Amino acid sequence: MTRKPGLCEAEGNTTNQLQTEQEHINKNLEHVRHKILVLSGKGGVGKSTIAANLAVSLSLANKRVGLLDIDIHGPSIPKILNLEGRVIQVLGETMLPVQIGPDLKVMSIGFLLRDSDDAVIWRGPMKNQVIKQFLKDVKWGSLDFLIVDSPPGTGDEPLSIVQLLGDADGAIIVTTPQQLALSDVRKSISFCRNLNMPVLGVLENMSGFVCPKCGEQTDIFSLGGGQDMARQLGIHFLGRIPIDPQIVQACDTGQPYVSNDRRNETAKAFSQVTQHVLMLENQGKTEKVNVNQKGARKMRIAIPVVEGKLSQHFGHCETFVIVDTDGDSRKVLNRKDLTPPRHEPGVLPTWLHGEGVNVIIAGGMGQRAQQLFAQNQIEVVVGAPAESPESLVSAYLNNTLQAGENICDH
Ligand code: ADP
């Protein structure tokens, strides 16, 4: 993957030096299978909370995980994980990350600061040097996932991380309902697009409120803003995490929220994001780039068809018609007809996800299949009429698709 040339390299560095540094970074990260950035348009939206909980969640799923906190302006990972005051071990030229349990390694810029105001006085080149050093000199070893808690915004620091990381799998953009209104998310998305960084999805944090007494969720802002925006921009919507006092408590006590086995809306939302990230293990990079980045406004729609019309029984179709569309021009770009694998529980959702599908237009569909698609961030329209794929796609793109009853809910 190519990146645009750097805009913010340290003063006085020659091209050769930069090349050598980049080679060191690539070498140091060569055994890291997936690199994921957690980004946000502004600070205080819960980016570090999400990054830390995602890392813990992946490690609880027995993945080898690194969590790198380079949020220079507010390195809160040490607090969230109860690692404040830890001293980094330095061995010659290398630094050892702090190990939590068998599968999670953590490095934070916070470990280098005497107090949180220190970084504020650092000049740009200094910040970039520290970021580089963390990518080049921290001994991560072999990892399944490296989660990077990036500085907020779209300025020099996130820019240099994206450039230095090279072939990252993509970014998770964290936002709040207020930020959606301020279109900061759009800025973050175009930032990623300009840098050829796939957007893995948008996560709406602090969306609604969970009452600490009764556990009931109240929606303070109107619902669906994030989902609509993601749909318009052709990116995944990763879900909503409510304002939950248990998250604040977890952060304050250094006990990551997901480390306790909870069964509420917040836990479900975290699990959804984790499942989405775990799916990267089954995906080729080219597929991700095509669907999420280059064709960011494109949708891949799947329609189960029998005798040329939408099948009313999702699992019993002859063919899946897969159509690539352009959300902006509302045009169909191409169509292919695929024979699905044998119908067994759970097979079709995995297969369609692997085909890069992000919308399904269905007649009837069972609850379990709907849940599996939701976990894979695939939008499902159920109860569509038995019409030709062309007319259904056209109606969907023009927002005129009339979905009726789910006549085959098994
Ligand atoms: P950022 O990294 O974007 O600056 P943080 O992750 O440090 O934000 O979160 C800022 C504050 O918001 C923290 O005190 C954290 O506990 C709190 N917070 C984050 N997400 C939630 C949530 N869903 N519900 C309640 N508090 C939250």
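In what follows, the accompanying structure is described. (Residues numbered from 1 in each chain as written. Predicted model: local features only at pLDDT ≥ 70, side-chain atom pairs only at ≥ 80, totals over all residues. Heavy atoms only, no water.)

This next bit is on the site of the ligand. In the neighbourhood of the ligand, 17 residues make up the surrounding shell, with G44, K47, S48, T49 and P242 lying closest. Between the ligand and V45 there is a distance of 3.0 Å, counted from an oxygen atom to a backbone nitrogen or oxygen. A distance of 2.8 Å is found between an oxygen atom of the ligand and a side-chain nitrogen or oxygen belonging to S48. Coverage of the ligand by the protein amounts to 81% of the 570 Å² it exposes when considered alone. Sorting the residues of the shell around the ligand by element identifies α2 (47-60), β9 (199-210), β11 (237-243) and α9 (245-253) as the ones contributing at least two each. (Near = heavy atom within 4 Å. Polar contact = N/O pair within 3.5 Å; in protein donor to acceptor, adjacent residues only side chain to side chain. Areas by Shrake-Rupley, 256 points an atom, 1.4 Å probe, with all protein chains shown as cover. Helix = DSSP H or I, 4+ residues; strand = E, 2+ residues; numbered from the N terminus.)

Turning our attention to the packing of aromatic side chains. The full count for this structure, using the stated rule, is 4 aromatic pairs. Here the aromatic rings of Y257 and F270 are separated by 5.6 Å at their centres, their planes lie at 40°, and the arrangement is tilted. Note that Y257 is positioned in the loop between α9 and α10 (265-278) and F270 in helix α10, a separation of 13 residues in sequence. Using a relative accessible area of 2% as the deciding quantity, one classes Y257 as buried. With a relative accessible area of 4%, F270 lands in the buried category. Ring centres of F314 and F320 lie 5.6 Å apart, and the angle between their planes is 75°; on these two criteria the pair is classed as edge-to-face. Owing to a relative accessible area of 5%, F314 belongs among the buried residues under this scheme. Classification of F320 as buried rests on a relative accessible area of 0%. (Phe/Tyr/Trp six-rings, centres within 6.5 Å; stacked < 30°, edge-to-face > 60°. Buried < 20%, exposed > 50% of the residue type's maximum accessible area, 1.4 Å probe, protein only.)

Here the structure, examined in full by the defined rule, presents 19 salt bridges. Taking the shortest distance from any N to any O, the salt bridge between K268 and E265 comes out at 2.9 Å. In this pair, K268 and E265 are both assigned in helix α10, 3 residues apart and thus about one turn of the helix distant. The closest approach of N and O atoms between D324 and R300, which form a salt bridge, is 2.7 Å. You can see D324 sitting in strand β14 (residues 319-326) and its partner R300 sitting in strand β12 (residues 298-306), a full 24 residues away along the chain. (Salt bridge = Lys/Arg side-chain N within 4 Å of Asp/Glu carboxyl O.)

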